[in-house]
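Descriptive structure summary
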Amino acid sequence: MPMVLLSCDKDIPEREKHIYLKVDGEDSRDFLPVSNAQTIPGTLSERGCAFCGAKLVIGGVLKDTIQMIHGPMGCAYDTWHTKRYPTDNGHFNMKYVWSTDMKESHIVFGGEKRLEKSINEAFDEMPDIKRMIVYTTCPTALIGDDIKPVCKKVMSERPDVDIFTVECPGFAGVSQSKGHHVLNIGWINEKVGTLEKNITSDYTMNFIGDFNIQGDTQLLQQYWDRLGIQVISHFTGNGTYDDLRCMQQAQLNVVNCARSSGYIANELKKQYGIPRLDIDSWGFSYMAEGIRKICAFFGIEDRGEALIADETAKWKPKLDWYKERLKGARMAIWTGGPRLWHWTKSVEDDLGIQVVAMSSKFGHQEDFEKVIARGQAGTYYIDDGNELEFFEIIDLVKPDVIFTGPRVGELVKKLHIPYVNGHGYHNGPYMGFEGFVNLARDTYNAVHNPLLKLAATDIRGGQRKVFLEAAE
Amino acid sequence: MSQQQIDQLFGYVQERCLWQFHSRSWDRQENIDGIISTATDLLHGQQPKKHAPMDRMFYADAKAMVDDLKVRFPWILDLEPTRVTELMAGLKSKLVDQTITQSLNRELHDKLY
Ligand code: SF4
């Protein structure tokens, strides 16, 4: 079966190149959806902007860094507090939002002075905080504000502060993905290697591409502590600015999210010779495999086996309880990109769930190669899916639960299909052994929740005036 | 050693191993060369190189794969050493074909990351 043109896309036939239905005997040499490409006019994309990819996904996770957003208030508000990445210092990153609050006169006369004032104000207001990332946004990039000299000036006047700049306005790329790229490459070129930290273990690694969603990083950190591995830096879950300046000191880069953070791992290999080891941190069998690989690298296999045995004894019976009750459930995954390939096989193997449709907002073709290799035949693989396509796909595959973000989640709730927050989670963490039991519990609670069916009941019967839905 | 046996191993690697899908063609080639060669050593009962950091990385990925292959495809334990070499060479060439030569990924040959 080649690519699919859905009937809702009849007026935008270019969408056919983005939707693939896998059949037995085919693979990604035959068909690979076009991705990381410009959104087609006429399609109502679910993507975010390039600035959002840098700030909301990576930079804003740090626990000790002011995120100064040089632009109108909306750019700041829209990328604050919408993801749940707590920290062990009281969630500094989620409590505050910083913006230069650009208004018309600043746009007309230039915003550099305002930026300088805002940076100083922020440091004055928060005297314990000495680190900052400054981001340009569409308006300030368009008027040509040159943020680097401003930051240099502040750093020369305040020798105890350090500032990193991210020049990736919303329009710089086709999706969030560009923001990931700009931050990764900027950080390795400007900040890695500018600091050294105390080495406390014979085994050191960076953990890259995990953003402490509802405590993922903190859960996994228990494993690394038990194994005696020093994590030099977390890129960027529960992480600090200065730890990330020491990334060059690690012996190994362990990569979870290869899409948002693969660039820095590749550059660390190229520039510093540190190997890149990709693992999946969601799922029992994957997590065990990841721990085994890390331990094999360091030659501490026995410690790894002991940890896996302990965790399996503790959590496997609970996982199996849910597996028994979830077997055969049909799931759709509509998230950013990597969770498609991280999850499709782990929910199938560990929970007996069948993944029937997957859509990626910002994945590249590499992500589709991975997910088509891992996913089932009869499943839809969609790039940059839009709302009408989601309605049509739901009719075609009839999912019991959809893992997606709150916006699409609200949409599917109206169809009385349960959704689980695939970005920020319902009740995470979801990584690691304990985390996958949490994912199983949220899935079970969603699939077997009677409320949605009750909500579909309408005792008024034929007397109710039915308005047409937009999708009809 | 038959085509069917190569296909079984290939199916496993496709489903399970992220190292075949690294970002650029040279990363994929480096991983496939290093990991298949280390896995072949392990299947021959030889001690692979573990001095350089990249060798240890290849070992980590190869060891996980070989341990799994022995459980999933126990026939591998009965193969003559020359057959093991042929089998792994067949797997390697199929992986190169799938993930590099015939890959439709348009970013594979970009010069920069
Ligand atoms: S103005 Fe630009 S940077 Fe700001 S939120 Fe909109 S697209 Fe993103």
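Quick look at the structure, then. Just so it is clear, the model here is predicted, and its values are computed rather than measured.

Remarks on the nonpolar core
Membership of the largest hydrophobic core comes to 131 residues, with the highest contact counts inside it found for Met 205, Trp 224 and Ile 291 of chain A together with Met 65 of chain B. Excluding its chain neighbours within four sequence positions, the residues that come into contact with Trp 224 of chain A are Met 205, Phe 207, Ile 229, Val 231, Met 287, Ile 291 and Ile 294 of chain A. By size, the runner-up hydrophobic cluster in this structure holds 20 residues, among which are Val 4, Ala 357, Val 408 and Ile 417 of chain A.

Some points on the site of the ligand
Around the ligand, the surrounding shell consists of Cys 49, Phe 51, Cys 75, Thr 137, Cys 138 and Gly 170 of chain A. Looking at side-chain class alone, the shell around the ligand contains 4 nonpolar, 2 polar and no charged residues.

Structural notes on the interface of chain B and chain A
If you look at the interface, chain B gives 32 residues, while chain A gives 41 residues. With both sides pooled, the region where chain B packs onto chain A buries about 3,400 Å², and carbon together with sulfur makes up 50% of that total. Contact with chain A buries surface across chain B, with Arg 16, Leu 18 and Tyr 113 of chain B losing the most and accounting together for 24% of the total. At the surface where chain B touches chain A, the tally comes to 7 salt bridges. For Asp 27 of chain B, the salt bridge is made with Lys 269 of chain A, and the minimal N-O distance between the two is 3.1 Å.

A few points about the pattern of salt bridges
Residues and elements named next belong to chain A. Tallied over the full model, the rule gives 44 salt bridges over all chains. Of the charged contacts, one joins Lys 130 and Asp 160 as a salt bridge, the two residues approaching to 3.0 Å between their closest N and O atoms. With Lys 130 in the loop between helix 5 (112-125) and strand 4 (131-136) and Asp 160 in the loop between helix 7 (147-157) and strand 5 (162-166), this residue pair connects regions lying 30 residues apart in the sequence. On the basis of relative accessibility, which here comes to 41%, the residue Asp 160 falls in the partly exposed class. In this structure, Glu 348 engages Lys 345 in a salt bridge whose closest nitrogen and oxygen atoms are separated by 3.3 Å. Of the two residues, Glu 348 and Lys 345 are both situated in helix 14 (residues 338-351); the distance of 3 residues between them amounts to about one turn of the helix. One network of salt bridges, in which partners are shared, links Arg 131, Asp 162, Lys 191, Asp 242 and Arg 245.

Remarks on helix 12 (residues 284-298) of chain A
Here helix 12 of chain A spans 21 Å end to end across 15 residues, near enough to the 21 Å set by a 1.5 Å rise per residue. Most of helix 12 of chain A is tucked away, with 13 of its 15 residues classed as buried.

Quick word on unusual backbone geometry
Residue and element names in this part refer to chain A. Of note, the bond from Phe 235 into Thr 236 is cis; its omega dihedral lies within 30 degrees of zero at -5 degrees. Of the consecutive residues Gly 428 and Pro 429, the connecting peptide bond is found in the cis state with omega at 0 degrees. Position of Pro 429 among the secondary structure elements: in the loop between strand 14 (419-421) and helix 18 (432-447). Located in the positive-phi region is Asn 36, a residue other than glycine, with phi close to 50 degrees. Relative to the helices and strands, Asn 36 resides in the loop between strand 1 (19-21) and helix 1 (50-58). Backbone geometry at His 91 places phi at a positive 60 degrees, although glycine is not the residue there. Mapping His 91 onto the fold places it in the loop between helix 2 (73-78) and helix 3 (92-95). Assessed through its relative accessible area of 35%, His 91 is described here as partly exposed.

A few points about the pairing of strand 7 (residues 230-236) of chain A
Residue and element names in this part refer to chain A. For strand 7, the tally of buried residues reaches 7 of 7 residues, placing the bulk of the element in the interior. Across 6 bridges, the pairing between strand 6 (residues 204-210) and strand 7 is parallel. Bridging from a neighbouring strand, Thr 204 pairs with Gln 230 of strand 7. At this point the chain moves from strand 6, through helix 9 (residues 216-227), to the parallel strand 7, and the crossover so formed is right-handed.

Side note on the side chain of Arg 15 of chain A
Residues and elements named next belong to chain A. With respect to the element layout, Arg 15 can be found in the segment before strand 1. Take Arg 15: its relative accessible area is 1%, and that puts it in the buried class. Of note is the side chain of Arg 15, whose polar atom sits 2.7 Å from the side chain of Glu 389.

A closer look at the environment of Arg 292 of chain A
Residues and elements named next belong to chain A. In this fold, Arg 292 is placed in helix 12. For the pair Arg 292 and Glu 305, spaced 13 residues apart in sequence, the C-alpha to C-alpha distance is 7.3 Å. Setting aside chain neighbours within four positions, we find Arg 292 in contact with Glu 305 and Ile 308.

Remarks on the side chain of Lys 370 of chain A
Within the element layout of this structure, Lys 370 of chain A appears in helix 15 (residues 365-374). Not counting the four nearest positions on each side in its chain, Lys 370 of chain A is found in contact with Ala 258 and Trp 341 of chain A together with Leu 18 and Phe 21 of chain B.

Looking at the packing of helix 12 of chain A against helix 18 of chain A
Residues and elements named next belong to chain A. Here helix 12 crosses helix 18 at 165 degrees, and the two axes come no closer than 9 Å. In terms of their interaxial angle, helix 12 and helix 18 are classed as roughly antiparallel. When you trace helix 12 past helix 18, the crossing you get is right-handed. Seen from helix 12, the contacting residues are Phe 284, Met 287, Ala 288 and Ile 291; seen from helix 18, they are Gly 432, Phe 433, Phe 436 and Val 437. By residue class, the composition of the contact of helix 12 with helix 18 is 7 nonpolar, 1 polar and no charged.

With respect to the sheet that holds strand 12 (residues 380-383) of chain A
All names here are of chain A. Pairing within the open sheet is mixed, and its 6 strands lie in the order 1-12-11-10-13-14. The strands lining the two open edges of the sheet, one partner per strand, are strand 1 and strand 14. For this sheet the average axis-to-axis angle between neighbouring strands, irrespective of direction, equals 15 degrees. Seen against the sheet, helix 15 touches strand 1, strand 11 (354-360) and strand 12 and runs at an angle of roughly 170 degrees to strand 12. Against the sheet, helix 17 (residues 406-413) touches strand 10 (330-335), strand 13 (401-404) and strand 14, its axis set at about 170 degrees to strand 14.

Cut-offs applied
- Numbering of residues starts from 1 in each chain and follows the order in which that chain's sequence is written.
- Here the convention is simple: chains get letters from A, ligands get numbers from 1, in the order in which they are written.
- Under the rules for a predicted model, residues below a pLDDT of 70 receive no local features and side-chain atom pairs below 80 are neither given nor counted, while totals for whole chains, interfaces and linings still include all residues.
- Calculated side-chain values reflect all of the structure's heavy atoms, with hydrogen atoms and water omitted.
- Take the buried Ala, Val, Leu, Ile, Met, Phe, Trp, Tyr and Cys residues and link them wherever side-chain atoms come within 4.5 Å; each set so joined is a nonpolar core.
- Think of it in three bands: residues with accessible area under 20% of the maximum for their type are buried, residues over 50% are exposed, and the middle band is partly exposed, with areas taken using a 1.4 Å probe on protein chains only.
- Any two residues whose heavy atoms approach within 4.5 Å at even a single point are treated as in contact.
- When at least one non-hydrogen atom of a residue lies within 4 Å of a molecule or strand, that residue is treated as near it.
- Residue type decides the class: Asp, Glu, Lys and Arg count as charged, Ala, Val, Leu, Ile, Met, Phe, Trp, Tyr, Cys and Pro as nonpolar, and the leftover types, Gly among them, as polar.
- Two parts lose some accessible area (1.4 Å probe) when they are put together, and adding that loss for both gives the buried area.
- Whenever a carboxyl oxygen of Asp or Glu lies within 4 Å of a side-chain nitrogen of Lys or Arg, that contact is scored as a salt bridge.
- Segments assigned H or I by DSSP are reported as helices when at least four residues long, segments assigned E as strands when at least two residues long, and all are numbered from the N terminus.
- A helix is expected to span 1.5 Å for every residue after the first.
- Here, strands pair whenever DSSP counts at least two bridges between them.
- A crossover gets the label right-handed when its path from the first strand over the helix to the second runs clockwise, viewed with the strands pointing away from the viewer.
- We define a polar contact as two N or O atoms separated by no more than 3.5 Å, with the added condition that, inside protein, one atom must be a possible hydrogen donor and the other a possible acceptor, whereas residues neighbouring each other in sequence contribute only through side-chain atom pairs.
- Geometry is summarised by axes, namely lines fitted to C-alpha atoms with helices restricted to the contacting stretch, and by angles between N-to-C directions that run from 0 to 180 degrees.
- Geometric relationships in this document are graded by angle, where less than 35 degrees denotes roughly parallel, more than 145 denotes roughly antiparallel, 65 to 115 denotes roughly perpendicular, and other angles denote oblique.
- In this scheme the handedness of a crossing depends on how the near helix is turned from the far one: anticlockwise by less than a right angle means left-handed, clockwise means right-handed.

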